Amino acid sequence: MHEDDAAVRELLTGLGDTWAVVGLSNNTSRAAYGVARVLQRFGKRVVPVHPKAETVHGEQGYASLADIPFPVDVVDVFVNSDLAGAVADEAVAIGAKGVWFQLDVIDEAAYARTKDAGLVMVMDRCPAIEIPRLG
């Protein structure tokens, strides 16, 4: 286990409500679509980040994290593990406060780099599962 429940709680309640969801598109069959909807229900602003830069759940999309013209608190990563490290590095570069790697998104080196950069990091968990547990 890479993270403790304190890190989960801090990401969900303590770092801010603007979440960039990398890999979010209008494909309703993808997990990112449903998780983003749950995050919105719990008061998060969900910013889609996808090469298509689609508007999803009423929010303007961007092709990359660097294209977002306002501060992002948490970067939620729905890409394959082999791409996730670059996204975590981008999150550090844009000044995000935290990074969340979704279920089955695992990159040990990226986890270490992100934590070393001072960000709160969770790996291989899902915020849609964790939020209701907060109570």
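K.L.:
What exactly am I supposed to notice about helix α1 (residues 5-14) here?
P.N.:
An α-helix turns once every 3.6 residues. As a result, residues three or four positions apart point the same way. A7, V8, L11 and L12 are the residues of α1 that are buried. Angularly, the buried residues of α1 cover 120 degrees about the axis, an arc narrow enough to put them on a single face. Of the exposed residues in α1, the ones pointing more than 90 degrees away from its buried face are D5, T13 and G14. Against β1 (18-22), β3 (74-77), β4 (98-101), β5 (120-122) and α5 (127-134) lie the buried residues of α1. Just downstream of α1 lies G16, where phi reads positive at about 125 degrees.

K.L.:
In this structure, what is going on with the sheet that holds β5? I would like to understand it.
P.N.:
Across the sheet, which stays open at both edges, the five strands sit in the order β2-β1-β3-β4-β5 with parallel pairing between neighbours. Both outer strands of the open sheet, β2 (45-49) and β5, are each paired with one neighbouring strand and no more. In this sheet, adjacent strand axes meet at a mean angle of 20 degrees when their direction is disregarded. Where β4 lies against β5, three bridges are found, and the strand directions are parallel. Considered in β5, the bridge of G98 is made with V120.

Cut-off values and rules
Residue positions within a chain follow its written sequence, with the count starting from 1. Two thresholds apply to this predicted model, a pLDDT of at least 70 for residue-level local features and 80 or more for giving and counting side-chain atom pairs, whereas whole-chain, interface and lining totals are computed over all residues. Side-chain calculation: all heavy atoms of the structure are included, whereas hydrogens and water are not. When accessible area is computed with a 1.4 Å probe and restricted to protein chains, residues below 20% of their type maximum are described as buried, those above 50% as exposed, and intermediate ones as partly exposed. Labels follow the DSSP assignment, with helices taken as runs of H or I lasting at least four residues and strands as runs of E lasting at least two, numbered in each case from the N terminus. Starting at the helix axis, one direction is taken to each C-beta atom, and the arc is that of these directions. The contact definition used throughout considers only heavy atoms, calling two residues in contact when any of these lie within 4.5 Å. Paired strands, in this sense, are two strands between which DSSP finds at least two bridges. Geometry is summarised by axes, namely lines fitted to C-alpha atoms with helices restricted to the contacting stretch, and by angles between N-to-C directions that run from 0 to 180 degrees.

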